[in-house]
Amino acid sequence: MGELDAKRPEEGGQSYKAREQLMKMNHHYGELKASYLFVDIAHKVAAYQEAHPEKEIIRLGIGDVTQPLAKCVVTAMQDAAAEMGTKEGFHGYGPEQGYPFLKQAIQGYYAGRGTQLAEDEIFISDGAKSDLANVLGLFDVDNTVLVPDPVYPTYVDDNVTDGRKIIYSRTSQENGFLGMPDDSVKADIIYICSPNNPTGAAYTREQLKAWVDYAKKNNAVILYDAAYECFITDPALARSIFEVEGARECAIEICSFSKIAGFTGTRCGYTIVPHELEREGMNLNKLWLRRQTTKFNGVPYVVQRAAAAVFTESGMAEIQANLDYYRQNAKVIADALDECGVWYCGGKNSPYIWLRCPGGMKSWEFFDWLLENCGVVGTPGVGFGECGEGYFRLTAFGDAEKTKVAAQRIKAAIQAL
């Protein structure tokens, strides 16, 4: 070791000691909040439960589904697992961008709504959360990112850790928590989530057209998170940004099976990168294919077979029944808020209800009040951004009977304020 440490530069490079001194960490991680929002909530709830073991806690906080997978989805997964146990049906490494049978099923799903996609514009992933972060690898860290406020926290964290400049599109009750383009603001990457997490607000096609025009004018790229599109029933609202003219030249759409089919624990999603999308002479569809084939080995065959079953006739029927279950939960919560005069948005075309905290309470203050007085857990709005202060998110993903109990508790407690 001594001889290596003493190695002279003219003999070929630096010593081991010098190399150790050059090693650096990504200090942008130090700019993140100390813990994830839902970790803070879990700690608070655990402490409350320990102090009040006799009290029943109803959780309407984390947006995780509770209904089981559709029967046809489970059957498809079981059949695929059995197939893998045979010499003829065994599948090893699959195509990194996804099997054709699933991509074609997604094509059909979009075509049924009037949106045409090419098969090689669809890339299967292990969930929207991964691709929302991974797609940033196509863009230089010097780009400026525009993020709505309030919004899903990982949009911010993904860019903080890369060191990008982040600016915020501030939303409020006055604009229905739907930010619109500001020509005085210049951004290169634009996040849009519709229906929005956490507010439940959703854009019309006309509103999205304004964002598409803004992106084209600024040579920007829209990252469109469509994870909750399946909850939209209003025909005036867009379920895909590609329903908007010009979007194929400026947008990437990222979607998930988590909410439409209960795949939160099964993990499958997809990203759509149109052929027309180019920047600086580089085709983003080809770039994303190159990235995926380099850094991703694809989603398991059995999961993709299960995902394809979602789009069968029986699959769509079973899945609609689950979605209706959650929609009814949302209606139960919304009706209770209506009865006690609390302002909210979402609840329709979305599994989230975004309410103004009663009595002028701040978000965390209402969290504590709701837990203490109702035994109900929700999510403080300020955890999604500064513009969320004074607001609160409840989800419709809980058990139906418990949701009814929670709604009655909330109504009674607010009316007693």
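Cut-offs applied
Residues numbered from 1 in each chain as written. Predicted model: local features only at pLDDT ≥ 70, side-chain atom pairs only at ≥ 80, totals over all residues. Heavy atoms only, no water. Domains from an automatic or database assignment. Contact = heavy atoms within 4.5 Å. Buried area = accessible area lost by both parts, 1.4 Å probe. UniProt positions renumbered as here; feature names shortened; annotations may be inferred. Helix = DSSP H or I, 4+ residues; strand = E, 2+ residues; numbered from the N terminus. Buried < 20%, exposed > 50% of the residue type's maximum accessible area, 1.4 Å probe, protein only. Polar contact = N/O pair within 3.5 Å; in protein donor to acceptor, adjacent residues only side chain to side chain. 1 Å grid on protein atoms, 1.4 Å probe; cavity = no way out; pocket = protein on both sides within 12 Å on 5 of 7 lines; lining within 4 Å. Salt bridge = Lys/Arg side-chain N within 4 Å of Asp/Glu carboxyl O. Pairing = 2+ DSSP bridges. Axes fitted to C-alpha atoms, helices over the stretch in contact; angles between N-to-C directions. Core = buried A, V, L, I, M, F, W, Y, C linked by side-chain atoms within 4.5 Å.

## Quick notes on the domain arrangement of the chain
- Along its sequence, the chain is carved into domain 1 (34-63 + 320-416) and domain 2 (71-311).
- Each of domain 1 and domain 2 has a C-alpha centre, and these two points are 27 Å apart.
- On the side of domain 2, 26 residues touch domain 1, which itself brings 24 residues to the contact.
- Here domain 1 packs against domain 2, burying approximately 2,200 Å² in sum over the two surfaces, 61% of which is carbon and sulfur.
- Three residues stand out in domain 1 for area buried against domain 2, namely Asn-349, Phe-384 and Cys-387, and they jointly supply 30% of the buried area on that side.

## Here we look at the UniProt feature "modified residue: N6-(pyridoxal phosphate)lysine" (unreviewed entry) in the chain
- As recorded in UniProt, the sites labelled "modified residue: N6-(pyridoxal phosphate)lysine" (unreviewed entry) are Lys-259.
- Summarising the element assignment, Lys-259 is placed in helix α9 (residues 258-261).
- According to the relative accessible area criterion, Lys-259 is buried, its value standing at 11%.
- Not counting chain neighbours up to four residues away, the residues in contact with Lys-259 comprise Gly-63, Val-65, Ala-227, Tyr-228, Cys-230, Phe-231, Thr-264, Leu-323, Tyr-352 and Phe-397.
- Engagement of the side chain of Lys-259 in a polar contact is seen with the backbone oxygen of Gly-63, the distance being 3.5 Å.

## Details of the UniProt feature "binding site: pyridoxal 5'-phosphate" (unreviewed entry) in the chain
- Taking the numbering used here, the UniProt-annotated feature "binding site: pyridoxal 5'-phosphate" (unreviewed entry) corresponds to Tyr-93, Ala-128, Lys-129, Tyr-152, Asn-197, Tyr-228, Ser-256, Phe-257, Ser-258, Arg-267 and Asn-297. Taken along the chain, the residues just named run across 205 residues; in space they spread out, the farthest C-alpha pair reaching 34.5 Å. Of the annotated residues named above, the ones that line the largest pocket are Tyr-152.
- Mapped onto the elements, Tyr-152 comes out in the loop between β3 (144-149) and α7 (153-160).
- With relative accessibility at 16%, the residue Tyr-152 sits in the buried group.
- Those residues in contact with Tyr-152 that lie beyond four places of it in its chain are Tyr-36, Lys-129, Asn-197, Pro-198 and Phe-384.
- Examined against the element boundaries, Tyr-228 turns out to sit in the loop between β6 (221-225) and β7 (251-256).
- With residues up to four places along the chain from it excluded, the contact list for Tyr-228 reads Pro-195, Asn-197, Lys-259, Pro-351 and Tyr-352.

## Concerning the pattern of salt bridges
- Within the structure shown, the criterion is met by 17 salt bridges.
- Residue Lys-44 pairs with Asp-368 through a salt bridge whose shortest N-O separation is 3.2 Å. Of this pair, Lys-44 sits in helix α3 (residues 37-51) while Asp-368 is found in helix α13 (residues 363-374), placing the two residues 324 residues apart along the sequence.
- For Arg-113, the salt bridge identified is with Glu-229, shortest N-O distance 3.8 Å. Of the two residues, Arg-113 sits in the loop between α5 (100-111) and β2 (122-125) while Glu-229 sits in the loop between β6 and β7, which places them 116 residues apart along the sequence.
- Using a relative accessible area of 21% as the deciding quantity, one classes Arg-113 as partly exposed.
- Take Glu-229: its relative accessible area is 2%, and that puts it in the buried class.
- Bridged by salt links that share partners, the residues Arg-113, Glu-229 and Arg-239 form one connected network.

## Remarks on the sheet that holds strand β8 (residues 269-272)
- Ordered in space as β2-β8-β7-β6-β5-β3-β4, the seven strands form an open sheet in which the pairing is mixed. Two strands close off the open sheet at either side, each with one partner strand: β2 and β4 (165-170). Each strand axis lies, on average, 20° off the axis of its neighbour in the sheet, ignoring direction.
- Relative to β4, β3 is paired through six bridges, and the arrangement is parallel. Following the sheet pairing, Val-147 is matched in β4 by Tyr-168.
- Packing of helix α8 (residues 205-217) onto the sheet brings it into contact with β3, β4, β5 (189-193) and β6, and relative to β5 it is tilted by some 170°.

## Examining the nonpolar core
- Membership of the largest hydrophobic core comes to 63 residues, with the highest contact counts inside it found for Ile-190, Ile-222, Phe-257, Phe-263 and Tyr-270.
- Residue-level mapping places this core at the junction of two domains, with at least three residues from each of domain 1 (34-63 + 320-416) and domain 2 (71-311).
- Ignoring sequence-local partners within four residues, the contact set of Phe-257 consists of Leu-102, Ile-106, Gly-262, Phe-263, Cys-268, Gly-269, Tyr-270, Ala-307, Val-310 and Phe-311.

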